[in-house]
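Inside the fold
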Amino acid sequence: MTTPAELFRSFARTRASLDGEEVTYWWSGDVYSWAPDEPYQRLFGFEGLNVSRLVQDAEAGPDAYQLLTREAAFYLDPTTREILETWQDQPVVHVWNDPANQKWRPFPVPTTELGGQVCFSLEIPLAYPSPLPVAQYPLHSAGDTYKALELFQFFADRADLEGSAPGVPATMSWSRMSPWLPWMAQGQRPGGLTFHCRGRKLGSYEEVPGRTRAYIAAHHPEFAHAPEEWSAPNETSWTYFRKLNPVR
């Protein structure tokens, strides 16, 4: 990884696979609440997966790609780890992001050497007009600007990266700071959520825990595979909630 292009390709091999084969990442963790003058509280367990396909974006030049993905994740009882259907009498809206695509262009990926491992770090601060304006969704919107911080780390063995395989085994961590989820109906109450998860690149979708695969098969079986082609815009928990609850 002596040039920016080589570094970028190493990250692409860690996050996905250069041959366009489907790659499944699975993760598990917890969701904590924070609010002024209140103790931190573990509200939910959290388990999710992302199924992706990396394809070259020939029109955009060499080392340009489209990452085509669908992403599903589920809020769990913090003790039993069962998938929740309600919380405090509110229906739980799980994560069904289709698509969750990205356009990749060569960029300097921050890395840290960890002995025989390489860690790729992505720190993504977000701030944009909320799909749920307060005037239209007073019970479900924390504000007119959606603000969050996504923190990813992907870990791969240097020995694997020095090989020629199009994709390499990897583990990952993900943390996120966000507003209250729309379905929690917290309005503009001060505070929000912190997600703390860890996971790995699986050998195939069949390695996703059986309970989770069964839930996906029963509700949205298309999430077992990555999209075949580019589409936009991306779905988020906020846009999905708006689709389920259109302004009348």
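Please refer to the structure placed before this passage.
In this report, the structure presented in the accompanying data block is examined. Please read these numbers as outputs of a predicted model, since none were measured by experiment.

**As for the side chain of Arg53**
- Among the structural elements, Arg53 can be located in strand β2 (residues 41-56).
- Take Arg53: its relative accessible area is 13%, and that puts it in the buried class.
- Only 3.1 Å separates the side chain of Arg53 from the side chain of Glu22, close enough to count as a polar contact.
- One polar contact links the side chain of Arg53 to the main-chain carbonyl oxygen of Pro227, over a distance of 2.4 Å.
- In contact with Arg53, other than residues within four places in its own chain, are Gly20, Glu21, Glu22, Gln66, Leu67, Leu68, Ala226, Pro227 and Glu228.

**Describing the environment of Ala232**
- In this structure, Ala232 sits in the loop between α3 (210-219) and α4 (237-244).
- It is 8.6 Å that separates the C-alpha atoms of Ala232 and Ala100, two residues lying 132 residues apart in sequence.

**A short note on the pattern of salt bridges**
- Under the criterion given, the structure shown has 15 salt bridges.
- Notably, a salt bridge pairs Arg53 with Glu228, separated by 3.7 Å at the nearest N-O pair. Of this pair, Arg53 sits in strand β2 while Glu228 sits in the loop between α3 and α4, and the two are 175 residues apart along the sequence.
- For the salt bridge of Arg200 with Glu207, the shortest nitrogen-to-oxygen distance reads 3.3 Å.
- Residue classification places Arg200 among the partly exposed residues on the basis of a relative accessible area of 38%.
- Glu207 gets classed as partly exposed once you look at its relative accessible area, which sits at 38%.
- A single salt-bridge network, built from bridges that share partners, covers Glu22, Arg53 and Glu228.

**Thoughts on the nonpolar core**
- Formed by 64 residues in total, the largest nonpolar core has its most connected members in Phe44, Phe46, Tyr75, Trp183 and Met184.
- Take this core: its biggest share by element is 7 residues, from strand β3 (residues 65-76).

**Here's the deal with the environment of Gln186**
- Mapped onto the secondary structure, Gln186 falls in the loop between β11 (171-178) and β12 (192-201).
- Placed 125 residues apart in sequence, Gln186 and Gly61 show a C-alpha to C-alpha distance of 46 Å.
- In this structure Gln186 touches Trp87, Leu139 and Trp180, once residues within four positions along its chain are discounted.

**Some points on helix α1 (residues 4-15)**
- Taking 1.5 Å per residue, 12 residues should reach 16 Å; α1 reaches 16 Å between its end C-alpha atoms and fits that length.
- When we look at burial in α1, the residues that qualify are Leu7, Phe8, Ser10, Phe11, Ala12, Arg13, Thr14 and Arg15.

**Quick notes on a nonpolar patch on the surface**
- Nonpolar side chains collect at one region of the surface, where Trp34, Tyr40 and Met177 lie side by side and expose about 370 Å² of accessible area between them.
- As for its placement among the helices and strands, Met177 is situated in strand β11.
- Taking the relative accessible area as the measure of exposure, Met177 reaches 43% and is therefore partly exposed.

Cut-offs applied
- Residues numbered from 1 in each chain as written.
- Predicted model: local features only at pLDDT ≥ 70, side-chain atom pairs only at ≥ 80, totals over all residues.
- Heavy atoms only, no water.
- Helix = DSSP H or I, 4+ residues; strand = E, 2+ residues; numbered from the N terminus.
- Buried < 20%, exposed > 50% of the residue type's maximum accessible area, 1.4 Å probe, protein only.
- Polar contact = N/O pair within 3.5 Å; in protein donor to acceptor, adjacent residues only side chain to side chain.
- Contact = heavy atoms within 4.5 Å.
- Salt bridge = Lys/Arg side-chain N within 4 Å of Asp/Glu carboxyl O.
- Core = buried A, V, L, I, M, F, W, Y, C linked by side-chain atoms within 4.5 Å.
- Expected span 1.5 Å × (residues − 1).
- Patch = residues over 30% accessible without salt bridge, like charges linked within 9 Å, V, L, I, M, F, W, Y side chains within 5 Å.
- Areas by Shrake-Rupley, 256 points an atom, 1.4 Å probe, with all protein chains shown as cover.

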